Amino acid sequence: MTTFQGIPAGAFGFYEELQDNNNREWWQEHRAGYQSLVKEPLASLLAELEPRFGPAKLFRPNRDIRFSEDKSPYKTAQGAVASVQEGVGYYLQISADGLLVGGGCHSHTPAQLARYRNSVDASGTGEALRHIVEAVAATGFSVEGEKLKTVPRGYAREHPRAELLKHKSLSASVSLGRPDWLATPGAVHEIAELWDDLRPLVDWVSRHAAP
């Protein structure tokens, strides 16, 4: 594994071109560029983040098109996740738009969802989450996740944490574009700080929505 030197600007150019040439022939001609501009730099970045956030994996560049009307064979972004447990962890993504950093819970099993709702309903753990979410939003992250339109059955519509109860998944992310530091070794520190901002959210979900 080479030492991380930054994400080259060519990584964004690669995805700009892929958006207009999403076919197997173009990919085969530019596979070496994917390796050198995207995969290898991100793998080095994740290796340097591993001591603080655990091992991470890069997602496959191929799309699963079996049940999709869109038959474009390749993803137009490269994502990676450092998982704390199934469906919970820290996320980053490179695309033509630049860098996106996020974290939280991206999927709930029925057991996880039940535990999540019970913990949101309880005043102690629920208020702790409310403060965490407010703090995360105050640092510039967008709070996201799949949500119901109404409070789930069994909970009062006027519940003090009604909006949190509506969530079936809960995460936060921020799109950073192409900051100058991304092309330097300092990107490790910058991304680590962003993930640290999300650590309270990731830790809460890991403790209170585990199966």
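These numbers come from a predicted model, not from an experiment.

A. Examining the sheet that holds strand β3 (residues 88–95) more closely. An order of β1-β2-β3-β4-β6-β5 is seen for the 6 strands of this open sheet, with the pairing classed as antiparallel. Strand pairing shows two members of the sheet lacking a second neighbour, β1 (57–58) and β5 (142–144), which therefore form its edges. Taken together, the 3 bridges between β5 and strand β6 (residues 170–177) define a ladder with antiparallel strand orientation. Opposite E144, over in β6, you have S171 as the bridge partner.

B. The arrangement of the packing of helix α4 (residues 110–121) against helix α5 (residues 123–138) in detail. The geometry of α4 relative to α5 is characterised by a closest axis approach of 5 Å and an angle of 95° between their N-to-C directions. On the basis of the axis angle, α4 is roughly perpendicular to α5. Where α4 abuts α5, its residues Y116, S119, V120 and D121 lie against S123, T125, G126 and L129.

C. Inspection of the pairing of β6 at higher detail. Direction of pairing for strand β4 (residues 98–105) relative to β6: antiparallel, over a ladder of 7 bridges. The residue of β6 that forms the bridge with C105 is L170.

D. A look at the nonpolar core. Ranked by internal contacts, the top residues of the largest apolar core, which has 56 residues, are L92, Y116, L129, W195 and L201. Broken down by element, the residue count for this core peaks at 11 residues, all from helix α7 (residues 187–208). Excluding residues that lie within four positions of it along the chain, L201 makes contacts with G103, G104, L129, I132, V133, V136, L170, S171 and A172.

E. Quick peek at helix α1 (residues 10–20). Every buried residue of α1 is accounted for by A11, F12, F14, Y15 and L18. Buried residues of α1, viewed axially, fall in a sector of 155°; they line one side. Of the surrounding elements, those touching the buried residues of α1 are α2 (24–29), α3 (31–53), β2 (77–85), β3 and β4.

F. Structural context of the packing of aromatic side chains. A complete count under the given rule lists 11 aromatic pairs for this structure. Relative to Y34, the ring of F14 has its centre 6.0 Å away and its plane inclined at 40°; by these criteria the two rings are tilted. Separated by 20 residues along the polypeptide, F14 in helix α1 and Y34 in helix α3 bring together distant segments of the chain. This pair shows no difference in class: F14 is buried, exactly as Y34 is.

G. Molecular detail of the pattern of salt bridges. Under the definition given, this model contains 10 salt bridges. For the salt bridge of R130 with E134, the shortest nitrogen-to-oxygen distance reads 2.8 Å. Of this pair, R130 and E134 both sit in helix α5, separated by 4 residues, roughly a single helical turn. Assessed through its relative accessible area of 43%, E134 is described here as partly exposed.

Reading the values: the criteria
- Residues numbered from 1 in each chain as written.
- Predicted model: local features only at pLDDT ≥ 70, side-chain atom pairs only at ≥ 80, totals over all residues.
- Heavy atoms only, no water.
- Pairing = 2+ DSSP bridges.
- Helix = DSSP H or I, 4+ residues; strand = E, 2+ residues; numbered from the N terminus.
- Axes fitted to C-alpha atoms, helices over the stretch in contact; angles between N-to-C directions.
- Parallel < 35°, antiparallel > 145°, perpendicular 65-115°, else oblique.
- Contact = heavy atoms within 4.5 Å.
- Core = buried A, V, L, I, M, F, W, Y, C linked by side-chain atoms within 4.5 Å.
- Buried < 20%, exposed > 50% of the residue type's maximum accessible area, 1.4 Å probe, protein only.
- Arc of directions from axis to C-beta.
- Phe/Tyr/Trp six-rings, centres within 6.5 Å; stacked < 30°, edge-to-face > 60°.
- Salt bridge = Lys/Arg side-chain N within 4 Å of Asp/Glu carboxyl O.

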